[in-house]
Amino acid sequence: MRLPLPQFTTDSHNPDHIAEVIETSTTQFLAQCLEPEDLSFPVMPPFGSWLKSLDEESGNKIIAVVTYATTTPIDSVHRARALGLSLTELREQQPQIFAMLKTEFKATIVGFESYQNAENGNGHNLGKVYQYLPPRPPQIHQAVYRCEVAEIINFSEQVEFLRILMQVRDAPVDALMAAAIRDIYLLRKGDKDWLVKVGRTLSILLRDDYDRLQYIFSQVTL
């Protein structure tokens, strides 16, 4: 049977607390989504969405972008098989299915905020932004949260994070950059000046490869 992930009492009411770090490295971390209280699948964070965690040693809030997500059986030997049932029918006839699956995702670290006086990386205060790799990633079993709108807007005042996303090797880079940019552009309510800044930066990073630039911006729509 599946053992539930630890639930932090201070965040049990917080819908933005979605996962826990289970592997970590200098450039990225792997997290497992927390089990919902009802019979449903864990919420898989969207590709290119923005997350945060914490390096407790320094207090840095680590900012990351989702690059890959998967739902698989806990038992790595036996694959899931088609049952031909709706979710409602699964809940009624095969409720154990929901305890036999896990949802995990990889997130690439794109920067960090300086010391926040908060627990588990869930601070509401905005610190100084650094768009390069932090001294350390979040540690094992650290909570992972969705970033708040204000945090994403504050972080994206600079666009140097695009350099890091261009170096991701285990994801479709152009689609990843488009998804991350689109997310911010929507939150900024179609800020054209910000989008122009992004376009200039990408033009330099792509070395005037206008086909790639056009492909990326064709996916950034309101």
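For the structure itself, look to the data block above.
Note that this is a predicted model, so its numbers are computed, not measured. (Residues numbered from 1 in each chain as written. Predicted model: local features only at pLDDT ≥ 70, side-chain atom pairs only at ≥ 80, totals over all residues. Heavy atoms only, no water.)

1. Things to note about the overall build of the protein chain
From N to C terminus, the protein chain includes six helices and seven strands. If you list the helices and strands of the protein chain from N to C, you get β-β-β-β-α-β-β-β-α-α-α-α-α. Across the 222 residues of the protein chain, 46% fall into the buried class. Considering only contacts in the protein chain between residues 6 or more positions apart, those separated by 24 or more positions represent 71%. Accessible area for the protein chain stands at about 12000 Å²; split by element, carbon and sulfur atoms hold 53% of it. (Helix = DSSP H or I, 4+ residues; strand = E, 2+ residues; numbered from the N terminus. Buried < 20%, exposed > 50% of the residue type's maximum accessible area, 1.4 Å probe, protein only. Contact = heavy atoms within 4.5 Å. Areas by Shrake-Rupley, 256 points an atom, 1.4 Å probe, with all protein chains shown as cover.)

2. Re the side chain of Glu 113
Topologically, Glu 113 is positioned in strand β5 (residues 101-113). A distance of 2.9 Å separates the side chain of Glu 113 from the backbone nitrogen of Gly 127, its partner in a polar contact. (Polar contact = N/O pair within 3.5 Å; in protein donor to acceptor, adjacent residues only side chain to side chain.)

3. Some thoughts on the environment of Gln 28
Positionally, Gln 28 belongs in strand β2 (residues 28-33). Judged by its relative accessible area of 22%, Gln 28 falls in the partly exposed class. Taking the C-alpha atoms as reference, Gln 28 lies 5.5 Å from Ala 107; in sequence the two are 79 residues apart.

4. Concerning the nonpolar core
The biggest cluster of nonpolar side chains holds 33 residues, and the ones touching the most others in it are Trp 50, Val 110, Phe 161, Ile 181 and Leu 202. Sequence-distant contacts of Val 110, that is, excluding residues within four places in its chain, are made with Trp 50, Ile 63, Ala 64, Val 65, Tyr 130, Gln 131, Tyr 132, Phe 155, Phe 161, Ile 164 and Leu 165. Among the nonpolar cores identified, the runner-up in size contains 15 residues, and Val 21, Phe 29, Ala 107 and Phe 112 belong to it. (Core = buried A, V, L, I, M, F, W, Y, C linked by side-chain atoms within 4.5 Å.)

5. Description of the pairing of strand β3 (residues 50-55)
On a regular strand, one side chain projects to one face of the sheet and the next to the other, so that they alternate. Taking burial as the measure, the six residues of β3 include six buried ones, the bulk of the element. Here β3 shows two buried faces, one formed by Trp 50, Lys 52 and Leu 54 and the other by Leu 51, Ser 53 and Asp 55. Bridge count between β3 and strand β4 (residues 60-73): six bridges; the pairing is antiparallel. Following the sheet pairing, Asp 55 is matched in β4 by Asn 60. (Pairing = 2+ DSSP bridges.)

6. Looking at the pairing of strand β7 (residues 143-146)
Across three bridges, the pairing between strand β1 (residues 17-24) and β7 is antiparallel. Opposite Glu 20, over in β7, you have Ala 143 as the bridge partner. Here two bridges tie β3 to β7, and the two strands are oriented antiparallel to one another. When the bridges of β7 are listed, Lys 52 appears paired with Tyr 145.

7. Observations concerning the pattern of salt bridges
A side chain of one charge can pair with a side chain of the opposite charge if their charged atoms are brought near each other. Within this structure, the stated rule accounts for twelve salt bridges. Note that Glu 104 is salt-bridged to Lys 102, the shortest N-O span being 3.4 Å. Judged by its relative accessible area of 22%, Lys 102 falls in the partly exposed class. Ionic contacts of the salt-bridge type, sharing partners, join the residues Lys 52, Lys 61, Glu 113, Glu 148 and Glu 151 into one network. (Salt bridge = Lys/Arg side-chain N within 4 Å of Asp/Glu carboxyl O.)

8. Notes on the packing of aromatic side chains
Under the definition given, this model contains six aromatic pairs. Their ring planes at 80° and their centres at 5.7 Å tell us that Phe 112 and Tyr 132 sit as a pair that is edge-to-face. Residue Phe 112 is found in strand β5, and its partner Tyr 132 is found in the loop between β6 (129-130) and β7; the two are separated by 20 residues along the sequence. By relative accessible area, which is 6% here, Phe 112 ends up buried. (Phe/Tyr/Trp six-rings, centres within 6.5 Å; stacked < 30°, edge-to-face > 60°.)

Interpretation note: all reported values are geometric properties and have no functional meaning in isolation.
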